[in-house]
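Spelled out from the first residue to the last, the chains are:
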Amino acid sequence: RAYASLHDAWLAERLAEAIAQRQLERGPYASLAELEEVFATMRPECEESHPHLEVGQLLRAMRVVAAAEIEQLEGALDGAFRRLVLGGRCAVITYNPWEAEVVKRFLHAHEEPCSEITAAIPQDRLARLFPLLASDKPYLVRQASQPFRENVSDASRFDGGRSGMLHVLEKVPRQAAAVVPPQLSSGDARELILEPPAPPFGAATGEASAAESGAPGMAACLSLCCATGVASMISRFWTRRLGSFGSEGSALLSHEQQHDGEHLPEWTLEQITQFEGLKRDIAARKVLLSNTGQSLRQQKKDAQIVEWTKQINALHCVGAKYTAKVEKRCCDRSHIPVLLEESVEHLVVSPDGLYVDCTFGRGGHTRSVLARLAAGGRLKAFDVDHLAVQVGKALERQDTRFEILHHPFGRFFEVVRESVDGVLMDLGVSSPQLDDSSRGFSIKGKKDGPLDLRMNQQVGIPASEWLQTVTAGQLAWVIGATCYRLEAPLPERLAEALLQRQRERGPFATTGQLVAALEEFGKELTDDRCRDVLTHPVFVALRVFLNREMQQFEAALEGIFERLKPHGRCVVICFNRWEMAAIRRFVREHEAPSAQVREALPQARLADLYPSLANGKRYWVRQAVRPVKPTPEELRRNQRSKSMMFVLEKVPR
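Everything numeric in this text was worked out from a predicted model, so none of it was measured.

Conventions we followed
Residues numbered from 1 in each chain as written. Predicted model: local features only at pLDDT ≥ 70, side-chain atom pairs only at ≥ 80, totals over all residues. Heavy atoms only, no water. Patch = residues over 30% accessible without salt bridge, like charges linked within 9 Å, V, L, I, M, F, W, Y side chains within 5 Å. Areas by Shrake-Rupley, 256 points an atom, 1.4 Å probe, with all protein chains shown as cover. Salt bridge = Lys/Arg side-chain N within 4 Å of Asp/Glu carboxyl O. Helix = DSSP H or I, 4+ residues; strand = E, 2+ residues; numbered from the N terminus. Lys, Arg positive; Asp, Glu negative; His and termini not counted. Charge placed at Lys NZ, Arg CZ, Asp CG, Glu CD. Buried < 20%, exposed > 50% of the residue type's maximum accessible area, 1.4 Å probe, protein only. Pairing = 2+ DSSP bridges. Axes fitted to C-alpha atoms, helices over the stretch in contact; angles between N-to-C directions. Contact = heavy atoms within 4.5 Å. Expected span 1.5 Å × (residues − 1). pLDDT = per-residue confidence, 0-100. Parallel < 35°, antiparallel > 145°, perpendicular 65-115°, else oblique. Left-handed = near helix turned anticlockwise from the far one by under 90°. Nonpolar A, V, L, I, M, F, W, Y, C, P; charged D, E, K, R; others polar. Phe/Tyr/Trp six-rings, centres within 6.5 Å; stacked < 30°, edge-to-face > 60°. Lys NZ or Arg CZ within 6 Å of the ring centre and 35° of its normal. Core = buried A, V, L, I, M, F, W, Y, C linked by side-chain atoms within 4.5 Å.

A. How the structure looks around a nonpolar patch on the surface. Together, Leu32, Leu59 and Met62 line one region of the surface with nonpolar side chains, adding up to about 260 Å² of accessible area. Relative to the helices and strands, leucine 32 resides in helix 2 (residues 32-42).

B. A positive patch on the surface, seen in detail. On the surface, a cluster of positive charge is made up of Arg149, Arg485, Arg577, Lys629 and Lys642. Here arginine 577 is to be found in helix 29 (residues 577-590).

C. View of the pairing of strand 8 (residues 420-426). Across the seven residues that make up strand 8, a large majority, seven, are buried. Sheet topology places strand 5 (residues 354-357) next to strand 8; three bridges connect them, and they run parallel. Counted as the bridge partner of tyrosine 355 is glycine 422 from strand 8. Judged from the six bridges that link them, strand 8 and strand 9 (residues 564-574) form a sheet pairing that is parallel. When the bridges of strand 9 are listed, glycine 422 appears paired with arginine 569.

D. The arrangement of the sheet that holds strand 5 in detail. Spatially, 7-6-5-8-9-11-10 is the arrangement adopted by the seven strands of the open sheet, whose pairing is mixed. Here the strands that pair on one side only, and so sit at the sheet edges, are strand 7 (402-405) and strand 10 (619-623). Across the sheet, the mean angle separating the axes of adjacent strands is 20 degrees when strand polarity is ignored. With five bridges connecting them, strand 10 and strand 11 (residues 644-652) associate as antiparallel partners. Opposite valine 621, over in strand 11, you have lysine 650 as the bridge partner. Each of strand 5, strand 6 (378-382), strand 7, strand 8 and strand 9 is contacted by helix 19 (residues 364-372), which is oriented at about 170 degrees to strand 6, the strand it contacts most.

E. Highlighting the pattern of salt bridges. Per the stated rule, a full pass over the model turns up 35 salt bridges. For arginine 543, the salt bridge identified is with glutamate 549, shortest N-O distance 2.7 Å. Here arginine 543 falls in the buried class, since its relative accessible area comes to 6%. By relative accessible area, glutamate 549 is classed as buried at 11%.

F. Highlighting the environment of valine 420. Positionally, valine 420 belongs in strand 8. You can call valine 420 buried: its relative accessible area is 0%. As for valine 420 and isoleucine 560, which are separated by 140 residues in sequence, their C-alpha atoms are 8.6 Å apart. Excluding residues within four positions of it along the chain, valine 420 makes contact with Leu354, Val356, Arg563, Leu564 and Lys565.

G. The arrangement of helix 14 (residues 269-291) in detail. End to end, helix 14 covers 34 Å across 23 residues, agreeing with the expected 33 Å (1.5 Å per residue, within 8%). Among the residues making up helix 14, those that are buried are Leu269, Gln271, Ile272, Phe275, Glu276, Gly277, Leu278, Ile282 and Leu289. Just beyond helix 14, the residue with positive phi is glycine 293, at close to 95 degrees.

H. Highlighting the confidence of the model for the protein chain. The predicted model of the protein chain averages 81 in pLDDT, with 80% of residues at 70 or higher. Highest mean pLDDT in the protein chain belongs to strand 5 (98); lowest belongs to helix 9 (residues 210-213) (34). Here residues 203-264 is modelled with pLDDT under 50, and outside its nearest four sequence neighbours on either side it reaches 55 contacts, counting other chains as well.

I. The packing of helix 1 (residues 9-26) against helix 2, seen in detail. Where helix 1 meets helix 2, the axes come as close as 10 Å, and the angle between the chain directions of the two elements is 130 degrees. The angle between helix 1 and helix 2 falls in the class oblique. Crossing geometry of helix 1 relative to helix 2 is assigned as right-handed. For the pair formed by helix 1 and helix 2, the contact residues are Arg14, Leu15, Ala18, Ile19, Arg22 and Arg26 on the first element and Glu34, Leu35, Glu37, Val38, Phe39 and Met42 on the second. When its residues are assigned to classes, the contact of helix 1 with helix 2 shows seven nonpolar, no polar and five charged.

J. Summary view of the packing of helix 28 (residues 549-563) against helix 29. One can describe the packing of helix 28 onto helix 29 by two numbers: an axis separation of 11 Å at closest approach and a directional angle of 35 degrees. When the axes of helix 28 and helix 29 are compared, the crossing they make is right-handed. Residues Glu549, Met550, Phe553, Glu554, Leu557, Glu558 and Phe561 of helix 28 pack against Trp578, Glu579, Ala582, Ile583, Arg585, Phe586 and His590 of helix 29. Classifying every residue of the contact of helix 28 with helix 29 by side-chain character gives eight nonpolar, one polar and five charged.

K. Region of interest: the environment of isoleucine 583. Along the chain, isoleucine 583 turns up in helix 29. Sequence spacing of isoleucine 583 and phenylalanine 646 is 63 residues, and the spatial spacing of their C-alpha atoms is 8.1 Å.

L. Focus on the pairing of strand 4 (residues 165-173). Here strand 4 lies mainly inside the structure; seven of its nine residues are buried. Here strand 1 (residues 89-94) runs beside strand 4; their pairing, made up of six bridges, is antiparallel. Paired with threonine 94 across the two strands is methionine 165, which belongs to strand 4. Bridge analysis of strand 2 (residues 139-143) against strand 4 gives five bridges, and the strand direction is antiparallel. Following the sheet pairing, glutamine 143 is matched in strand 4 by leucine 169. Of the strand pairs in this sheet, strand 3 (residues 148-149) and strand 4 are connected by two bridges, and their pairing is antiparallel. Bridging across to strand 4, arginine 149 finds its partner in methionine 165.

M. Spatial organisation of helix 24 (residues 472-482). The buried fraction of helix 24 is high, at eight of eleven residues. Looking at helix 24, one finds that the buried residues are Ala472, Gly473, Gln474, Leu475, Ala476, Val478, Ile479 and Thr482.

N. Region of interest: the packing of aromatic side chains. Summed over all chains, the structure comprises eight aromatic pairs. Ring geometry for phenylalanine 553 against tryptophan 578: centres 6.4 Å apart, planes inclined by 85 degrees, an arrangement best described as edge-to-face. Of this pair, phenylalanine 553 sits in helix 28 while tryptophan 578 is found in helix 29, placing the two residues 25 residues apart along the sequence. For tryptophan 578, a relative accessible area of 5% corresponds to the buried category. Taking 6.3 Å as the distance between ring centres and 20 degrees as the angle between the ring planes, the aromatic pair formed by phenylalanine 561 and tyrosine 619 counts as stacked. Taken together, the residues span a long stretch of sequence, with phenylalanine 561 in helix 28 and tyrosine 619 in strand 10 at a distance of 58 residues. By way of ring pairs, the aromatic residues Trp466, Trp477 and Phe545 are connected into one cluster. When the ring centre of phenylalanine 130 is taken as reference, the NZ or CZ atom of arginine 493 above it lies at 3.9 Å.

O. Layout of the nonpolar core. Core analysis: the largest hydrophobic core is formed by 44 residues, its most contacted members being Trp466, Leu475, Leu498 and Leu542. Elements with a contribution of two residues or more to this core: helix 6 (115-120), helix 7 (123-129), helix 23 (463-466), helix 24, helix 25 (490-505), helix 26 (511-525) and helix 27 (530-546). At seven residues, the largest contribution of residues to this core is made by helix 27. Apart from the residues within four sequence positions on either side, leucine 542 is in contact with Leu453, Trp466, Leu467, Leu475, Val478 and Leu514.

Here it is, written out as structure tokens:
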């Protein structure tokens, strides 16, 4: 618990074993200096990953446990609010994460849902997510304001650098209508949190062309339309589209008809039906508004017409012609690589070697690596985004030393069959993907587009469809897997609210619809800025799961170090905590204990604490340098560059 913020469970367990072993051998600790000796023994192996590891963190955690400070704070809060008059306030100043966690947990246990949340979550789940609803307490607790953070300069002057946070809690009367019968509160919401089945990630079904799969003829198409009762509406659209269905359809069309069909979106039967329905709805709505005296300008601003228009625009964002237009725009869009000089400097150690860029993007890092390679050097690059691959193909034609690989980097071991000198991984999404509204990665209002979130739009299913297949428990698991800032029960409450909203109003078809729902629920579910606390991490969680980024990253690391030459390096640029935690976990599982650590730990536990001792591999993994962060100048130049770079090295055993 003392080092939970480091997300390094292996380190905590090794420290515990070393401390306990020292006590078994020499007796109880009599002074802080003796405890510091153990830290001095363990510190060299974590100097690169955690340079500021201190014994003080452990002492504070021991004090918290020995003095039962968590239980004391919980009891004090409960007693204070029993004695407070209605409208009274309790101000709590916290200095440690565990203290803030206790305050938040108390708040969540004593808050009521607002009317929007009550309407959005099924009644049989409300009491599990809001325990106060099943209690007989006549009051609830709310935050009177957002937490106040102490100014860093003030903290350094008055309290030795410790930065505090002020929480102001208020006791207010409950709403009688919000009480739920106690029988509905049985069970624990967390019992239902389960990992959902992995989404499709391989070759998409129906990926073959119509000519290969046997395109339906005119009679078959029209009989399908008749069966659905919309033959008259579909036939004029379908006739124009048959030019793409092979020789049978082409023979039925004149040259003018085929040429006219090129300007139409490539829609499915369902999309055509939706398009015609939206047009009728808009026309009927305009007539209704016109009869009430509204002008054309007022009609255009009508909320319902605006929403229907957005849906029509989303329908037009499909097809080969739209893809080609987006492809051209994205190929020309500039992208600023993060930590460019630092990453290439640590990566390229041999100008004549073979290197791999696992995340090509728009080729920013790739071009810089090529500039440092000699004529005999080579560079391969992975990417699953077909637009990025097109950029890579163009670079491939320009420079014979380069090769683009249209594969997920999780297949590194099977795709790259030769030894490599270095590997670069720039995780996350690229700026062109964020800027392209059709990809669904951006949460900005002006970039509203289809809720897709797939790196490769040719495989798998978009987020809008996946959300229609999951339970609230499964969605809560996905949100909680990467959203470290959302403590329980926020993921469960959010999942229930989102899925109930989906059942009532239909699927979240666009990013704007999901952002609006998150912002609405965020005002009640969180105590900070809803856009930062809910919207961004939820989008990241959905993206990570749909693209299997965790599994891909773990598989890539294993494959990379199997192919790396001795003393070859893997440079990884991270943007999220789960990525950093995965790197630290991989290093801990593949590092070697030093001679001092071998003496400090019990021999029977060494293989458990250092799995590399028994894995049979012929190499260790170590961090070559301390994690690197962007300079203040780079952060000012590129606001998306907030990241951390890890440099891992393969060391022969």
